[in-house]
Amino acid sequence: MKISVLGCGRWGSCIAWYLDKIGNEVVSCGLKDAPELLQLLHTHQNDYLTFPESIEVTYNLPYAVERAEVIIISISSQHLRSYMKDISKNDLSGKAIVLCMKGIEESTGKRLSEVVSEFVDQENTPIAVWVGPGHPQDYVKGIPNCMVIDSENDEVKRKLVRSFSSELIRFYIGTDLIGSEIGAASKNVVGIAAGMLDGAGYTSLKGALMARAPREISRLIEALGGNGISAYGLCHLGDYEATLFSPWSHNRKYGESFVKGEKFEKLAEGVMTSKAMMRLGKQYGVDLPITTAIYNILFENKNCYDELDKLFIRSIKEEF
C-alpha cells in the first residue's frame, strides 16, 4: 500500500521503517523546521534507526496526504487537534487514518479518535488506532512483539491487521475502541507512577501498582461505555513491561527523574493524560486513586513521598 506516516519522532520513524520493511511504499512527513525531520532529511537516520533509501522523507504535507491510501499519524497527542486542521484542508475521501499515539485530549477529555472524527466523514474516511507494547530500540534488533488495531469500521481494521502483520509484529483485531484508547492512554500515567516508585526506592511496590491499576482503569472504561476487560489486554496490562519496567519508557523515566529532581526533556504523554483522566473521573463519577496521586504530585505540588505512601496505605477491608 501507499502509506504516509505523519510525524517522524521516535515512534513515527519506527512505524515508517517497519511498514517499508514489510513491503509498503512509505513517505515519512514531518514539520519543516523540526529537528527530527531535518535529521532524517540530511542523514536518513536518527538516534534509533536508519531509513533505507526506499523511504521518502518530506515536509510537504499536501503531497504526503494526497498520495496515501493510509495516513498514519504519530505526534504528540495534545497537538492532534491543531494538526488535523491542516490535514483536513486536503481531500481525505477514500483514505484511512490510523492513530499511533496514546493520549486523551486534556482540554476536552476526548479520545483521539473522537478528536479526528470532528474533521472527517467516517463513512468516507474511517479512523483506526494502533496500540500495544513495543519500543523502536527492540524492533530494530528483530525482537518481536504483539499489538492491536481497533476501529469502529470492522472491514478496515481487519484489512489493516492482515496487511501490517509480520513475524516482527503480530497484530490482533481490537473489539472495543473505547477500551483500546483509554487503556493505551492511561498506561502512561501508570508508567509515571512506576517511575516515581523507582525514584523513591519503592520499586518493590510495582507489584501492588500492577495489581490495582487495571481495576482502576477498567472502572473508567466501563463508565465511558467500553468493556472493562480491555484493561487486561495488550492496550493496557499487556503494555506494562514496556512502560513500567523498560529503560526505554519515557513515562517511567519521567517519573523517576521527577522524584530525583532531574530534568527529563523528552515527551511523556502521561503527564497531560493525568489531567484529562481527572476530568473524566469527575465527569463520570469514577474513583481514580492512582491517577489522583500522580495529578496531585505533578500539578498540585503535593509531596511525592506523602502521596505514594497514602496510595498504598489502605484499609484492610479494601484490598484494591
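Everything discussed here concerns the structure shown above.
Keep in mind the model is a prediction, meaning the values are calculated, not measured. (Residues numbered from 1 in each chain as written. Predicted model: local features only at pLDDT ≥ 70, side-chain atom pairs only at ≥ 80, totals over all residues. Heavy atoms only, no water.)

### Here we look at the overall build of the chain
Quick note on the threshold: Helix and strand assignments follow DSSP, with helices taken as H or I runs no shorter than four residues and strands as E runs no shorter than two, numbered in order from the N terminus. It is over C-alpha atoms that the radius of gyration is taken, and the globule rule equals 2.2 Å times the number of residues to the power 0.38. Partly exposed residues are those whose accessible area sits between 20% and 50% of the maximum for their type, while under 20% is buried and over 50% is exposed, using a 1.4 Å probe and protein chains only. Whether two residues touch is decided by their heavy atoms; if any such pair falls within 4.5 Å, the residues are in contact. A positive count includes Lys and Arg, and a negative count includes Asp and Glu. His and the chain ends are not counted in either. Every charge is mapped onto a representative atom, which is NZ of Lys, CZ of Arg, CG of Asp or CD of Glu.
In terms of regular secondary structure, the chain is built from 14 helices and eight strands. Its C-alpha atoms give the chain a radius of gyration of 19 Å, near enough to 20 Å, the size a compact globule of 320 residues would have. With the C-alpha coordinates aligned to their principal axes, the bounding extent of the chain is approximately 60 × 40 × 35 Å. Per-residue burial over the chain gives 57% buried out of 320 residues. By sequence separation, contacts in the chain at least 24 residues apart represent 70% of the contacts at least 6 residues apart. Taken together, the 35 basic and 41 acidic charged side chains of the chain have centroids lying 3 Å from each other.

### Focus: the sheet that holds strand S5 (residues 96-99)
Which entries qualify depends on this criterion: When DSSP locates at least two bridges between a pair of strands, those strands are taken to pair. Here an angle of 0 to 180 degrees is reported between the N-to-C directions of two axes, which are lines fitted to C-alpha atoms, with helices fitted over the stretch in contact.
One open sheet accounts for eight strands, arranged S3-S2-S1-S4-S5-S6-S7-S8; its pairing is mixed. Unpaired on one side and paired on the other, strand S3 (56-58) and strand S8 (169-173) mark the two borders of the sheet. On average, each strand axis in the sheet is tilted by 25 degrees relative to the strand beside it, whichever way the strands run. Summarising the sheet, strand S4 (residues 70-73) and S5 pair through four bridges and their orientation is parallel. From the neighbouring strand, Ile71 faces S5, where its bridge partner is Ile97.

### Here's the deal with helix H11 (residues 250-260)
The element H11 is extensively covered by neighbouring structure, given that eight of its eleven residues are classed as buried. Within the sequence span of H11, burial applies to His250, Asn251, Arg252, Tyr254, Gly255, Glu256, Ser257 and Val259. Looking one or two residues beyond H11, the residue adopting positive phi is Gly261, at roughly 75 degrees.

### Details of the packing of aromatic side chains
Note the threshold: Only centres within 6.5 Å qualify two rings of Phe, Tyr or Trp (six-membered ring in Trp) as a pair; their planes then separate them into stacked at under 30 degrees, edge-to-face at over 60, and tilted for everything else. Working rule: Lys NZ or Arg CZ, within 6 Å of ring centre, within 35 degrees of ring normal, means a charge sits over the ring.
Throughout the structure, instances matching the rule amount to eight aromatic pairs. Summarising the aromatic geometry, the rings of Trp130 and Phe171 are spaced 5.1 Å apart at their centres and angled 80 degrees between planes, so their arrangement reads as edge-to-face. Residue Trp130 is found in strand S6 (residues 127-131), and its partner Phe171 is found in strand S8; the two are separated by 41 residues along the sequence. Across the pair, Phe171 and Trp130 agree in class, each one buried. Note on Tyr254 and Phe258: the rings are 6.2 Å apart at their centroids and 35 degrees apart in plane angle, and the pair reads as tilted. Of the two residues, Tyr254 and Phe258 are both situated in helix H11; the distance of four residues between them amounts to about one turn of the helix. Under the relative-accessibility criterion, Phe258 is labelled partly exposed at 34%. One aromatic cluster is present, formed by Trp11, Trp130, Tyr139, Phe164 and Phe171 through successive ring pairs. Lying across the ring of Phe312, Arg212 places its NZ or CZ 5.6 Å from the centre.

### Overview of the packing of helix H12 (residues 270-284) against helix H13 (residues 289-299)
The test is simple: Reported orientations rely on four angle classes, namely roughly parallel under 35 degrees, roughly antiparallel over 145, roughly perpendicular from 65 to 115, and oblique for the rest. Here a crossing is called left-handed whenever its near helix is offset anticlockwise from the far helix by less than a right angle, and right-handed whenever the offset is clockwise. Think of it as three bins: nonpolar holds Ala, Val, Leu, Ile, Met, Phe, Trp, Tyr, Cys and Pro, charged holds Asp, Glu, Lys and Arg, and polar takes everything else, Gly as well.
Interaxial distance between H12 and H13 falls to 9 Å at its minimum, and their mutual angle equals 120 degrees. In terms of their interaxial angle, H12 and H13 are classed as oblique. Considering how the two elements wind past one another, H12 and H13 form a crossing that is left-handed. On H13, the residues touching Val271, Met272, Ser274, Lys275, Met277 and Met278 of H12 are Thr291, Thr292, Ile294, Tyr295, Leu298 and Phe299. Among the residues forming the contact of H12 with H13, the class breakdown is eight nonpolar, three polar and one charged.

### A word on the pattern of salt bridges
Formally: Any Lys or Arg side-chain nitrogen located within 4 Å of an Asp or Glu carboxyl oxygen qualifies as a salt bridge.
Scanning the model with the defined rule gives 16 salt bridges in all. For Arg111, the salt bridge goes to Glu181, with nearest N and O atoms at 2.6 Å. Highlighted residues: Arg111 in the loop between S5 and helix H5 (112-117) and Glu181 in helix H8 (residues 177-200), separated in sequence by 70 residues. For Glu181, a relative accessible area of 6% corresponds to the buried category. Members of the salt-bridge network, linked through shared partners, are Asp198, Lys206, Arg252, Glu256 and Lys260.

### So, the pairing of S8
Quick note on the threshold: Look down the strands so they point away from you; if the path from the first strand over the helix to the second goes clockwise, the crossover is right-handed.
Sheet topology note: the strand S7 (residues 145-151)/S8 ladder contains five bridges and is parallel. Counted as the bridge partner of Val148 is Tyr172 from S8. Once the chain exits S7 it traverses helix H7 (residues 154-164) before rejoining the sheet at S8, and the crossover so formed is right-handed.

### Focus: helix H1 (residues 10-21)
Quick reminder of the rule: Any helix carries an expected span of 1.5 Å times its number of residues minus one.
For H1, built from twelve residues, the straight-helix expectation of 16 Å at 1.5 Å per residue is met to within 8% by its first-to-last C-alpha distance of 17 Å. Residues Trp11, Gly12, Ser13, Cys14, Ile15, Ala16, Trp17, Tyr18, Leu19 and Asp20 constitute the buried set of H1. Looking one or two residues past H1, Gly23 carries a phi angle of roughly 105 degrees, positive in sign.

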